[in-house]
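The residues making up each chain are set out below.
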Amino acid sequence: MDELMKDLTPALPLSLETLGALPSDIDVPNYTRADLSPGIVHIGLGNFHRAHQAWYLHRLMQQGQALDWAIIGAGVRPYDAAMRERLLGQDCLTTLIELSPTSSKAEVTGAMIDYLPIEDGNGALIAQMADPAIRIVSLTVTEGGYYLNPVTGGFDAAHPDIAHDAAVPRAPVTAFGAMVEALRLRRDAGHGPFTGQSCDNLQGNGVILRQTIVGLARLSDPDLADWIDANVSFPNSMVDSIVPATGQDELALAQSFGVQDAAPVTHENYRQWVIEDAFCAGRPRWEDVGATITPDVHAYEAMKIRILNAGHQVLANAGELLGCETIADCMNDADIAPFWRKVEAVGIAPYVDPVPGMTPAAYVELIERRFANPAIKDTTRRVAFDGSSRHTGFVLPILREAIATGQSVEALALVEALWARMCFGTRDDGSAIEPNDPAWDALIAAAIAAKDRPADWLAQQNIYGELADHADFATAFEHWLAKIWADGTRATLKAFAA
């Protein structure tokens, strides 16, 4: 990133008042805050939302469209309060910095106009969503945040958070409980429903959001659950852009453009958004700024989730073991890159169908170029985070398909063995891998046991389920894990790629 940074210049604090004084090479909103009125509540105001969904809306607003669809930000966890404070301190504006391999450019977006208080019971959030002006409630709460049984994919009604919201539906602790209560208020007041729009990396994310909302409502109010199921729409979508976490380098990069932003966002020079046109209360015309509206989201999301998201896990566990700091470093490694290409070619791409204008092989090449972008400092640690959700959501469905069709499981067995080795908590050079998963204690215990008894790793029923009983997979997994421990990660990658 250093080579992309401009000469440091005095930076102006980002606010509505300073927009007109920012350097001329920074694009700023051509609409004013007074032009905007809310139409969307978005829960989970992380970097990805601000670089992706909020950007598409901002581009529409730059064309004079969708001015009544402005975003109200929200969160339901205590840690969301820090982001709220930062964004409110700069009038909910965000500096987006696009990083291509050879250049960078900045723009300020203003589609968000407020951020609700973070509070017990989520009263402010419920009241805002109950307002009939709100026609979409969208979410980026991570793929692990939908209260799914990791083996069956069904709704986990036994989770303590869900049990609380079922028992105390007027003061929920989850975003989904707040949505259910807001929908009850709208129904009782005679207002129509809003659309529930998941923007997370889940195949069939709209179907999953419906499952969670209706399943939770049914625990406390079956009539409300039936009303939601019949009246609320939950469109499926596929979202795609690589958006690293923000650290000191990103803060300094914004400063180099002349902006003092407490929460800037860097992103690659690529975006894709594929959306099912199923909105019960209307929607912005996102297709006018590049989104794809199609009834067949599944093919696009399968291609992206398998080749990119599963591919991220292929890279990240190997990269952590070999001390590669970023995903670009992994793609520049003489042994990790060929290993990744072979896993994609023989273990993933055969289970992906083409979409209009893109074959699986061409998409693998596109992803390789994107992963190798040296300007994107996407840390291996960030990508490896929450493997217990990402392997179950991205990798294991491909493995099940390979088994069901009688194909080789060697490549994905190695991927799982690398994850097991990573969860041991040390790299090949002996340095420590810090806890990096909500279930880290259970994972590290299983990984330690698996060093001598590989079957102990596969015995994690909440992750592998029936896969542990598949002889070919279990044998291949045991072979690769034993080889990693005997020969080291790098030698194992070489042997596989050869």
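Residues numbered from 1 in each chain as written. Predicted model: local features only at pLDDT ≥ 70, side-chain atom pairs only at ≥ 80, totals over all residues. Heavy atoms only, no water.

Participant: What should I look at first to understand the overall build of the protein chain in this one?
Facilitator: When its secondary structure is counted, the protein chain shows 21 helices and 13 strands. Compactness check: the protein chain gives a C-alpha radius of gyration of 23 Å against a globular reference of 23 Å for 498 residues, within 12% of the reference. Its C-alpha atoms give the protein chain principal-axis dimensions of roughly 65 × 60 × 40 Å. In the protein chain, which comprises 498 residues, the proportion classed as buried is 56%. Partitioning the contacts of the protein chain with sequence separation of at least 6, the portion at a separation of at least 24 is 77%. Of the roughly 18800 Å² of accessible surface on the protein chain, a fraction of 52% belongs to carbon and sulfur atoms. (Helix = DSSP H or I, 4+ residues; strand = E, 2+ residues; numbered from the N terminus. Rg over C-alpha atoms; globule rule 2.2 N^0.38 Å. Buried < 20%, exposed > 50% of the residue type's maximum accessible area, 1.4 Å probe, protein only. Contact = heavy atoms within 4.5 Å. Areas by Shrake-Rupley, 256 points an atom, 1.4 Å probe, with all protein chains shown as cover.)

Participant: Can you help me understand the pairing of strand S5 (residues 104-109) in this one?
Facilitator: Within a regular strand, side chains alternate between the sheet's two faces. Buried residues dominate S5, accounting for five of its six residues. Relative to S5, strand S4 (residues 94-99) runs antiparallel, the two being bridged by six bridges. Of the residues in S5, the one forming a bridge with Ile-97 is Ala-106. Linking S4 to S5, which pair antiparallel, is a turn of four residues. (Pairing = 2+ DSSP bridges.)

Participant: Mind showing me how you'd approach the sheet that holds strand S7 (residues 136-139) here?
Facilitator: One key point about sheets: their strands pair by backbone hydrogen bonds, in either a parallel or an antiparallel sense. Taken in spatial order, the five strands line up as S6-S3-S2-S7-S8 in an open sheet, and their pairing is parallel. The open sheet is flanked by strand S6 (112-115) and strand S8 (195-198), the only strands paired with a single partner. Recorded for the sheet is a direction-independent mean angle of 25° between the axes of neighbouring strands. Here strand S3 (residues 70-74) pairs with S6 via three bridges, running parallel. What sits directly across from Ile-71, in S6, is Met-112. Running over the sheet, helix H6 (residues 175-189) touches strand S2 (38-43), S7 and S8 and is turned about 170° from S7. (Axes fitted to C-alpha atoms, helices over the stretch in contact; angles between N-to-C directions.)

Participant: Looking at this structure, how should I read empty space enclosed by the protein?
Facilitator: One way to see where empty space is left: roll a probe the size of a water molecule over the atoms. This model, assessed by the stated rule, comprises five cavities of 30 Å³ or more. For the largest cavity, the full set of lining residues is Ile-40, His-42, His-49, Gln-53, Ala-54, Leu-57, Ile-71, Ser-138, Gln-197, Cys-199, Trp-273 and Trp-286. Only S2 and helix H2 (53-62) provide two or more residues apiece to the lining of the largest cavity. For the lining of the largest cavity, the leading source of residues is H2, giving three residues. Residue composition of the lining of the largest cavity, by class: seven nonpolar, five polar and no charged. One number sums up the size of the second largest cavity: a volume of about 70 Å³. (1 Å grid on protein atoms, 1.4 Å probe; cavity = no way out; pocket = protein on both sides within 12 Å on 5 of 7 lines; lining within 4 Å. Points joined across faces, edges and corners; volume = space filled by probe spheres on them. Nonpolar A, V, L, I, M, F, W, Y, C, P; charged D, E, K, R; others polar.)

Participant: Explain the nonpolar core here, please?
Facilitator: Soluble globular proteins: nonpolar side chains tend toward being buried together. Grouped together as the largest cluster of nonpolar side chains are 88 residues, with contacts concentrated most on Phe-339, Val-343, Phe-371, Trp-457, Tyr-464 and Phe-473. Ranked by the residues each element gives to this core, the list is headed by helix H10 (residues 297-321), at 13 residues. Ignoring any residue separated from it by four or fewer positions in sequence, one finds Trp-457 in contact with Glu-416, Trp-419, Ala-420, Cys-423, Leu-443, Ala-446, Ala-447, Ala-450, Tyr-464 and Phe-477. Counting residues in hydrophobic clusters, the runner-up holds 71 residues, among them Leu-45, Ala-175, Met-179 and Trp-286. (Core = buried A, V, L, I, M, F, W, Y, C linked by side-chain atoms within 4.5 Å.)

Participant: I tried to follow the environment of Gln-248 on my own but got confused; where do I start?
Facilitator: Tracing the chain through its elements places Gln-248 in helix H9 (residues 248-256). Measuring from C-alpha to C-alpha, the distance between Gln-248 and Gly-44 comes to 22 Å, with 204 residues separating the pair along the chain.

Participant: Sorry if this is basic, but what is going on with the packing of H10 against helix H16 (residues 410-422) here?
Facilitator: When two helices pack together, their arrangement is given by the angle between the helix axes and the distance between those axes. The geometry of H10 relative to H16 is characterised by a closest axis approach of 9 Å and an angle of 40° between their N-to-C directions. The pairing of H10 with H16 is recorded here as oblique in orientation. Seen along the crossing, H10 lies across H16 with a hand that is left-handed. Where H10 abuts H16, its residues Val-314, Asn-317, Ala-318, Glu-320 and Leu-321 lie against Val-415, Leu-418, Trp-419, Arg-421 and Met-422. Of the residues in the contact of H10 with H16, the class split is seven nonpolar, one polar and two charged. (Parallel < 35°, antiparallel > 145°, perpendicular 65-115°, else oblique. Left-handed = near helix turned anticlockwise from the far one by under 90°.)

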